[in-house]
Structure formats: structure tokens, C-alpha cells
Amino acid sequence: MSGVLTADAVIVGAGVLGAAAAHHLARAGHRVVILERGAPGREGSGTTAGNLHIQAVHSQRPGQEVPLDNARFLPLQRAASERWETLEEELGASVELRRSGGFTVAETPGQHAELVEKHAWETGAGIPTEVLDGDAARAALPQLGPTVIAATWCALDGYANPLKVTPAYLSSAARSGARTHPYSPVRRIDRHREGWRVTAGRDGGLVVDTPVVVDTAGPWLGRVAAMAGAALRMSPVAIQMHSTVRLPPILPHLVQHIGEGLSVKQVAAGNLLIGGGWPARTLDLEGRSLPSLASLHGNVRLAARVLPFLADLRLLRMWAGPLAATPDEMPLIGEVPGLPGFLVAGGTYAFTFAPLWGETLRCLAESKPPPVDIADLGPGRLMDHADHQADHQEERNTQC
Ligand SMILES: Cc1cc2nc3c(=O)[nH]c(=O)nc-3n(C[C@H](O)[C@H](O)[C@H](O)COP(=O)(O)OP(=O)(O)OC[C@H]3O[C@@H](n4cnc5c(N)ncnc54)[C@H](O)[C@@H]3O)c2cc1C
């Protein structure tokens, strides 16, 4: 062992959530150590679509069993939206942030009714949206096809380049003194005096004592929590993305679907990114998840129906990425009951929520009230009963 480090907070996992937490904690003067199993920002945060979902999202990805609670999401989306507005200034870096607005389309009368209902929720949550009929939507975005009978428009929807966001957060944290240790998997988390002792590194030679551990290990969040003795029920999945060749500017807005899994946008480099939560063929938490041809066909066919110009384009590549979904599809953020100073954050739409959860994690670490109500989003709801916890105690510290 090369000596024990001390820190005010140890962050496990350098995805966008860990990086955002590091930025907020380091900027507030805390000594932060970030431990990352591989290269920073290469898992969910390197494979994400990077959409800023501010209007209500389609509540069920293809294959998703439990719909998310859209009405509960909206106040969180609004709070996240406000923070994205000032993020580039806060980080002193461009993250290719584009707030060029988005449409959510309907193709059936039932879906049209859902748009009207969601518009009422959005208005109630202070998110400005507008319901348009099909012709008005096509007048605003002529690329929409004839099957679109209505759409909602939200000027706050947008996109940021995920390959820039996590590094920008980490650079900002580093400027405030945070240390990132890549290729340093956390192997053990033990109670130590009033706080925690975290053991990491390929040979277990990196040891850090800290009062606060922030578990932002994405789809591995449950495994890391188990090392500290918490049995959390998570439902990690892998979903996939598709990218076309580059084009001159053709699609200025994000396009989503209210009833089916679809998101399409053109990124700064010119590629059209097509996603919508379609399931990958495999979820492989030890290696690389593989994309599915069935999802490729389903997602691209749907995209070309809504935006017919896509049918003529060549696909350049497809990829799958892991997602730290929870059984109830709601975000996860809070302190683990019974484990003082052990914080977790994860769940779906974590890219959109990153600026909000980064700030929230700082507040929790400082035992201050969070900026939004998170009482119902804590890990207590995902904890197994006592017997199962005892089982996890046995397997704790054996996983990494
Ligand atoms: C294909 C895809 C599309 C998506 N699209 C969107 C979208 O458009 N908008 C949106 O808001 N959200 C989207 N999401 C969700 C969101 O992007 C991700 O949930 C988010 O980026 C995850 O960030 P994270 O920091 O929680 O986890 P991750 O980015 O997965 O990071 C977790 C990190 O923890 C590390 N780690 C794991 N175990 C250990 C250990 N033992 N020791 C040290 N480090 C460890 C991992 O190596 C990893 O780097 C999408 C996700 C996917 C996969």
C-alpha cells in the first residue's frame, strides 16, 4: 500500500453525474477524489444521445415494463433546464449546447389526446409548450411527414455534446483541486472511524479515507453500494443509437414521438442521431453490450416515417450503451438509509439531470437542503428487506 489519502468526498464513477458532483463539490472548496474503473465518460455518458429533455418524454421506452411518472418528472426537468442555461459560462467551456427547441409528434387521435394532456401538465409545471395541428407543425418544420397529425413545440428542448460535457465538468473540478484517478476500480468500501475507507486500483493500492462517498457508478451503482453493505434493487438495461453520415444543416430541432420510442436531431458535426430507447441485443456489464438488428430496423423505420428525408440517408454506425434504470423508472438520488455519508445518484435521463444532480449532491454532502424536493427519489425505496441485506453483506467487497 502506497499510503492512505484523505478527502472530503470520494466519487465513484467518472460519468456525467460523478463529474458534475466533482465540479460542484470542488468549487465549494471540498477536497475531492474521483475514482474511475476505466476511462472517464466512456459508459452511459459516452454513448448517450445527449438530448436535453425539457418537455415531457415518451413515458415508456420500447420494451420498458413500467411507465415513468411524467407529472413527477416535469418540475425536475424545469429545474435542470434552468441550470443548463448557464452551464457553459459556469464551466468556462463550450459543450456544443444548443437550445434550438423540439417537437413531440403524434400520429393517431389517441396520441393527439396525450399531447393535449401533457401540455396541461407542462403548463402547470411552468414549462412553456404549444400544441400544433399537423399542418401548423409542418409549416414550422417542413421535414415532418404526412403521418404527423399534431405536435407539441417546446423552445427549451435541446442538445449538448456528451463527449464535451463530462470532460468539461472534470476539467473545471481539476481547476478547483479535484484529482481524477482513471483505471482505478473501487474494490472495497469499509466503515472507518466516523466515515469510510475506499480501496481502489488494479492492485488495491489506492486507499482514501473520507466522510462522504458519492456512488455515481451508473449501471454498476448497485454493485458499488453492495460493497458498503446496501442492497439496492436496480434494473440496468442497454439501449442503442444510430448515426447517419454527415449532412449540411437540414434539421434545426429535436424531434420526438409521444407514443413510440423516437428522438432525432442533427448534431454540430452534421450527423443525424436517431435513438429513442430501443433495446440493445445484450447488456454486458463486464464487457461491451451489443446492438440489435431488430431495434435498428424498428427505430430507423419509425424515424423515416416521421421524417421521410431520412429514408435516403446512409447509416454510418450504431452502438449500444448501458443505462442505470431503476425498477420504477424514476431517478435515484439521496443518502442510503443507515449508511451516513454514503450518497447515490443515477437513473434514467441522467444526462438531462446532471447539472441539477451535481448541485444536489453537493447540498447533500454538506447536509444542506437540496434545490428541489427529492424526498421520494431516495434509495430507501429500492432497498431489499433485512434478509436480503444480510446476503449482500456476505458478498460485499467481493465485486468491482
Ligand atoms: C444510448 C443511450 C442514450 C441516452 N440518451 C439520453 C438522452 O438523450 N438524454 C438523457 O437525459 N439521458 C440519456 N441517456 C441516459 C444518460 O445519458 C445516462 O444515464 C447518463 O449519462 C449516465 O451517467 P452516469 O454518470 O450516471 O453513469 P455512467 O456514465 O455510466 O458512468 C458510470 C461510471 O462509473 C464507473 N464505474 C463503475 N463501477 C466502478 C467501480 N467499481 N469503480 C470505479 N468506477 C466505476 C464506470 O466505468 C462509468 O464510467 C441515454 C443513455 C444511453 C445508454
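Structure's up top.
Residues numbered from 1 in each chain as written. Predicted model: local features only at pLDDT ≥ 70, side-chain atom pairs only at ≥ 80, totals over all residues. Heavy atoms only, no water.

Considerations on the site of the ligand
Part 1: Around the ligand, the structure places 36 residues, and the nearest of them are E36, S45, T48, V186 and T352.
Part 2: A49 is positioned such that a nitrogen or oxygen atom in its backbone is 3.2 Å from a nitrogen atom of the ligand.
Part 3: The contact in question runs from an oxygen atom of the ligand to an N or O atom on the backbone of Y349, over 3.4 Å.
Part 4: Contact with the protein chains removes 97% of the 1000 Å² of surface that the ligand exposes when unbound. (Near = heavy atom within 4 Å. Polar contact = N/O pair within 3.5 Å; in protein donor to acceptor, adjacent residues only side chain to side chain. Areas by Shrake-Rupley, 256 points an atom, 1.4 Å probe, with all protein chains shown as cover.)

Re the pairing of strand 10 (residues 186-192)
Part 1: Two strands pair when backbone bridges link them, and strand 10 and strand 11 (residues 195-200) are joined in this way by 6 bridges, in the antiparallel orientation. In the sheet register, R191 faces strand 11, and the bridge partner there is W196.
Part 2: Here strand 10 folds back onto strand 11, and the loop between the two strands holds 2 residues, one of which, R193, carries a positive phi near 50 degrees. (Pairing = 2+ DSSP bridges. Helix = DSSP H or I, 4+ residues; strand = E, 2+ residues; numbered from the N terminus.)

Comments concerning the layout of surface pockets
It is a probe the size of a water molecule, rolled over the atoms, that shows where empty space is left.
Part 1: Of the volumes computed, that of the largest pocket is approximately 370 Å³.
Part 2: Along its surface, the largest pocket is lined by 19 residues, and Y159, L163, L273, R317 and W319 are the ones closest to its centre.
Part 3: Listed by contribution, the elements that provide at least two residues to the lining of the largest pocket are helix 2 (44-47), helix 7 (162-175), strand 14 (237-246), strand 17 (271-275) and strand 18 (315-323).
Part 4: Tallying contributions element by element places strand 18 first for the lining of the largest pocket, with 3 residues.
Part 5: A breakdown of the residues in the lining of the largest pocket according to their chemical character gives 10 nonpolar, 6 polar and 3 charged. (1 Å grid on protein atoms, 1.4 Å probe; cavity = no way out; pocket = protein on both sides within 12 Å on 5 of 7 lines; lining within 4 Å. Points joined across faces, edges and corners; volume = space filled by probe spheres on them. Nonpolar A, V, L, I, M, F, W, Y, C, P; charged D, E, K, R; others polar.)

A closer look at the packing of aromatic side chains
Part 1: Throughout the structure, instances matching the rule amount to 6 aromatic pairs.
Part 2: Consider the rings of F103 and W153, whose centres lie 4.8 Å apart with planes at 45 degrees: the pair is tilted. One end of the pair, F103, is in strand 5 (residues 102-106); the other, W153, is in strand 7 (residues 150-154), with 50 residues separating them in the sequence.
Part 3: Using a relative accessible area of 2% as the deciding quantity, one classes F103 as buried.
Part 4: Overall, W153 belongs to the partly exposed group, its relative accessible area being 21%.
Part 5: Members of the aromatic cluster, each reached through a chain of ring pairs, are F73, Y349, F353 and W357.
Part 6: The ring of W220 has R37 lying over it, and the distance from NZ or CZ to the ring centre is 4.1 Å. (Phe/Tyr/Trp six-rings, centres within 6.5 Å; stacked < 30°, edge-to-face > 60°. Buried < 20%, exposed > 50% of the residue type's maximum accessible area, 1.4 Å probe, protein only. Lys NZ or Arg CZ within 6 Å of the ring centre and 35° of its normal.)

Things to note about the nonpolar core
Part 1: Residues I11, V32, I34, W84, V165, Y169 and W357 are the most contacted members of the largest nonpolar core, which totals 54 residues.
Part 2: Here this core takes 8 residues from helix 1 (residues 16-27), the largest share from any one element.
Part 3: Setting aside anything within four residues of it in sequence, one finds V32 in contact with A9, I11, A22, L25, A26, G177, A178 and R179.
Part 4: By size, the runner-up hydrophobic cluster in this structure holds 32 residues, among which are V213, A228, A324 and V336. (Core = buried A, V, L, I, M, F, W, Y, C linked by side-chain atoms within 4.5 Å. Contact = heavy atoms within 4.5 Å.)

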